[in-house]
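# Commentary on secondary and tertiary structure
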Amino acid sequence: MRTWTRFLGVTAALTLATGVAAGCSSDDAGTTSDGKVDVVASTDVWGAVASAIGGEHAQVTALYTSPAGDPHEFEASAKDTAKVADAGVVVLNGGHYDAYMEEAPKGPDAIVVNAFDLMEGAEHSEGDGHDHAEGEAHEEEGHDHAPGAVNEHVFYNLTVVGDVADKIANALSEKDSANEQYYRDNAGTFNKQIADLQTQLAAIKATDSGARVAQTEPLAGYLLAEAGLEDVTPAGFQDAVEAGQSPSARDVAATQDLLRDRSVRALVYNTQAVDESAKGLLDIASASGVPVVDFTETLPAGVTDYIAWQRANVETLTSALASGAPSTP
């Protein structure tokens, strides 16, 4: 994975100390001046989930909102850290994806919702080697990047996202018991929409189970697994792109061959983690007639709703499989 924790030793040491001083000034920490629960999320993806639950009774702030940049490279400012310190509810991805949120001081009564810790086998969130030294090779730790393998992109795991929604409802209810039913109703509606998305994925699995796809990095592994698809990209290629390193010539050639031979039905392309090797796959996919599915790590421009974002992703994937090259053994 990318070395997005490298700034913590310098930047965080400065911003966290400044942020605590700025963030502890509120007389009513955790609520806004108009009585709403103050919620801070690491990215607009988790902010959208929190907004769906909190509605008109919560003020939700997302720290990272760029539709084009790389969220792994985000460096929290003193102002950002102060917002975390003031929040009544903090929503983060975890798994060292947004390490600045994990490390930032929280208020003594803040409730933290960590999505990665809701994964089955949440013990992996601590001490499992996910926090790599810069340049450390993934192969040494034997990571499996097959669809469904544990990775930090849990916002593509619909079951976990639904669990996060329930946890947010619990947290908001604890902070604002007068509106508990409102939060729980919103969580119920959200989870029904999650179930509808899972029905669409089940339809893909029913018709295309085992279909082979490629990814530029293991971004959508959970979603692909639920759809019954097989990511056959060489792990070394994905590891290198994710780490911001150059893939080996062997892994590049093997990935390119998947597209040239039309042995995959689609190329899943992370538009926010791009290097020259990943870009080169686009031309090959186009020339070979392999559909490209653009996926992102934050909400696309003009999109504010998590369900709408994932619905578009599932529909685009469905269309790509319908038009893509048939898989070959």
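Fair warning: this is a prediction, and the values are worked out from it, not measured in the lab.

## As for helix H2 (residues 44-54)
The buried fraction of H2 is high, at nine of 11 residues. Buried within H2 we find Asp 44, Val 45, Trp 46, Gly 47, Ala 48, Val 49, Ala 50, Ile 53 and Gly 54. Packed against the buried residues of H2 are strand S1 (37-43), strand S2 (58-64), strand S3 (89-92), helix H5 (158-175), helix H6 (180-208) and helix H11 (306-323). One or two residues past the end of H2 sits Gly 55, with phi positive at roughly 50°.

## What about the side chain of Ser 42?
Along the chain, Ser 42 falls in strand S1. Residue Ser 42 is classed as buried on the basis of its relative accessible area, which comes to 0%. Contacts of Ser 42, omitting those with residues within four sequence positions, involve Leu 63, Tyr 64, Val 91, Leu 92, Asn 93, Asp 98, Tyr 100 and Met 101.

## A word on the sheet that holds strand S4 (residues 111-114)
Sheet strands associate in pairs through backbone hydrogen bonding, adopting either a parallel or an antiparallel arrangement. Reading across the sheet, the four strands line up as S2-S1-S3-S4 and stay open at both edges, with parallel pairing between neighbours. Because the sheet does not close on itself, it has two edges, and the strands there are S2 and S4. Neighbouring strand axes in the sheet, compared pairwise and without regard to direction, differ in orientation by 20° on average. In terms of strand pairing, S1 meets S3 through three bridges, oriented parallel. Its bridge partner being in S3, Val 39 is matched across the sheet by Val 89. Strand contacts of H2: S1, S2 and S3, with the helix running at about 150° to S1, the strand carrying the most contacts.

## Considering the packing of aromatic side chains
Following the criterion strictly, the structure yields 10 aromatic pairs and no others. Judged by centre distance (5.5 Å) and plane angle (65°), the rings of Tyr 97 and Phe 155 are edge-to-face. Of this pair, Tyr 97 sits in the loop between S3 and helix H4 (99-103) while Phe 155 sits in the loop between S4 and H5, and the two are 58 residues apart along the sequence. Comparing Tyr 97 with Phe 155, the two get one shared label, buried. With centroids separated by 5.5 Å and ring planes inclined at 50°, the aromatic side chains of Phe 155 and Tyr 156 adopt a geometry described as tilted. No difference in accessibility class separates Phe 155 from Tyr 156, as the two residues are buried. Taken together, Tyr 97, Phe 155, Tyr 156, Phe 190, Phe 295, Tyr 306 and Trp 309 form an aromatic cluster joined through their ring pairs.

## What about the nonpolar core?
Counting 58 residues, the largest nonpolar core has Trp 46, Val 91 and Tyr 306 as the members making the most contacts within it. No other element matches the nine residues that H5 contributes to this core. Of the residues that make up this core, three or more belong to each of domain 1 (37-118 + 151-191) and domain 2 (198-324). Not counting residues within four places of it along the chain, the set of residues in contact with Trp 46 comprises Ala 41, Val 91, Leu 92, Asn 93, Ala 115, Val 154, Phe 155, Val 161 and Val 164. Listed in part, the 13 residues of the second largest apolar core include Leu 258, Val 264, Ile 284 and Val 290.

## Some details on the side chain of Thr 216
Tracing the sequence through the fold places Thr 216 in the loop between strand S5 (212-215) and helix H7 (221-226). Given the relative accessible area of 0%, Thr 216 is considered buried. For Thr 216, the side chain forms a polar contact with the main-chain nitrogen of Asn 270, separated by 3.1 Å. Excluding its chain neighbours within four sequence positions, the residues that come into contact with Thr 216 are Phe 237, Gln 238, Val 241, Leu 267, Val 268, Tyr 269, Asn 270, Ala 278 and Leu 281.

## Focus on the sheet that holds strand S7 (residues 267-270)
Here we have four strands laid out as an open sheet, ordered S6-S5-S7-S8, and parallel in their pairing. For this open sheet the edge positions go to strand S6 (230-231) and strand S8 (292-295), each flanked by a neighbour on one side alone. Pairing analysis gives two bridges linking S5 to S6, with the strands arranged parallel. If you follow Arg 212 over to S6, its bridge partner there is Glu 230.

The rules behind the values
Residues numbered from 1 in each chain as written. Predicted model: local features only at pLDDT ≥ 70, side-chain atom pairs only at ≥ 80, totals over all residues. Heavy atoms only, no water. Buried < 20%, exposed > 50% of the residue type's maximum accessible area, 1.4 Å probe, protein only. Helix = DSSP H or I, 4+ residues; strand = E, 2+ residues; numbered from the N terminus. Contact = heavy atoms within 4.5 Å. Pairing = 2+ DSSP bridges. Axes fitted to C-alpha atoms, helices over the stretch in contact; angles between N-to-C directions. Phe/Tyr/Trp six-rings, centres within 6.5 Å; stacked < 30°, edge-to-face > 60°. Core = buried A, V, L, I, M, F, W, Y, C linked by side-chain atoms within 4.5 Å. Domains from an automatic or database assignment. Polar contact = N/O pair within 3.5 Å; in protein donor to acceptor, adjacent residues only side chain to side chain.

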